[in-house]
Amino acid sequence: MKHILLGIVMPTLSGCFGEEDRIYTVDGLMADEVLLAKIISECCNNPGALRQTPNCQNAAVADWKLRLERMNRALGG
């Protein structure tokens, strides 16, 4: 009985924590600007703890690339 309960509880709990551990790529963040804005906001709200995390670094790079693309389009390039 304990094994059945454990078999039900573990996948349920792993689903709760898996999304935060995911590392997003720069290209993936550039494609999903809503997610990019969310990650940048979280990183700005807690820079001491999150600044060096892969997601914050990738979000900063993605944001920079998107800004350069927008400036290039605005200048007619």
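Residues numbered from 1 in each chain as written. Predicted model: local features only at pLDDT ≥ 70, side-chain atom pairs only at ≥ 80, totals over all residues. Heavy atoms only, no water.

K.L.:
Would you mind going over the nonpolar core with me for this structure?
P.N.:
Listed in full, the 12 residues of the largest apolar core are Tyr24, Val26, Leu29, Met30, Leu35, Leu36, Ile39, Cys43, Cys56, Ala59, Ala62 and Leu66. Where this core is concerned, the elements lending two or more residues are helix 2 (26–31), helix 3 (33–45) and helix 5 (54–74). (Core = buried A, V, L, I, M, F, W, Y, C linked by side-chain atoms within 4.5 Å. Buried < 20%, exposed > 50% of the residue type's maximum accessible area, 1.4 Å probe, protein only. Helix = DSSP H or I, 4+ residues; strand = E, 2+ residues; numbered from the N terminus.)

K.L.:
It is not clear to me how the packing of helix 3 against helix 5 should be interpreted in this structure. Could you clarify?
P.N.:
Packed helices, taken two at a time, are described by the angle between their axes plus the distance between the axes. Interhelical geometry of helix 3 versus helix 5 gives an angle of 125° and a closest axis separation of 9 Å. As summarised for this structure, helix 3 and helix 5 are arranged oblique, according to the angle between their axes. Seen from above, helix 3 lies across helix 5 with left-handed handedness. Between helix 3 and helix 5, the residues in contact are Glu33, Leu36, Ile39, Ile40 and Cys43 and Asn55, Cys56, Ala59, Ala62, Asp63, Leu66 and Arg70, respectively. (Axes fitted to C-alpha atoms, helices over the stretch in contact; angles between N-to-C directions. Parallel < 35°, antiparallel > 145°, perpendicular 65-115°, else oblique. Left-handed = near helix turned anticlockwise from the far one by under 90°. Contact = heavy atoms within 4.5 Å.)

K.L.:
Please explain the state of the cysteines as it appears in this structure.
P.N.:
Between two cysteines, a covalent bond joining their sulfur atoms is known as a disulfide. Evaluation of the coordinates by the stated rule reveals 1 disulfide. Between the sulfur atoms of Cys43 and its disulfide mate Cys56 the distance is 1.8 Å. Since a negative S-S torsion denotes a left-handed disulfide, the Cys43-Cys56 link at about -90° is left-handed. Here Cys56 lies in helix 5 and Cys43 lies in helix 3, a separation of 13 residues in the sequence. Exposure class is identical for Cys43 and Cys56. Each is buried. You can see Cys44 has no disulfide; the closest cysteine sulfur is in Cys43, sitting 6.9 Å from it. The exposure class assigned to Cys44 is exposed, which follows from its relative accessible area of 57%. (Disulfide = S-S within 2.5 Å.)

K.L.:
Please explain a nonpolar patch on the surface as it appears in this structure.
P.N.:
Residues Trp64, Leu68 and Met71 make up a contiguous nonpolar surface patch of about 340 Å² in total accessible area. With respect to the helices and strands, the residue Met71 is situated in helix 5. Residue classification places Met71 among the partly exposed residues on the basis of a relative accessible area of 47%. (Patch = residues over 30% accessible without salt bridge, like charges linked within 9 Å, V, L, I, M, F, W, Y side chains within 5 Å. Areas by Shrake-Rupley, 256 points an atom, 1.4 Å probe, with all protein chains shown as cover. Salt bridge = Lys/Arg side-chain N within 4 Å of Asp/Glu carboxyl O.)

K.L.:
I tried to follow the pattern of salt bridges on my own but got confused; where do I start?
P.N.:
Close approach of charged atoms allows side chains of opposite charge to pair. All chains considered together, the criterion is met by 3 salt bridges. The salt bridge partner of Asp63 is Arg67, with a shortest N-O separation of 2.9 Å. Placement of the pair is Asp63 and Arg67 together in helix 5, with a separation of 4 residues, close to one helical turn. A relative accessible area of 46% means that Arg67 is categorised as partly exposed.

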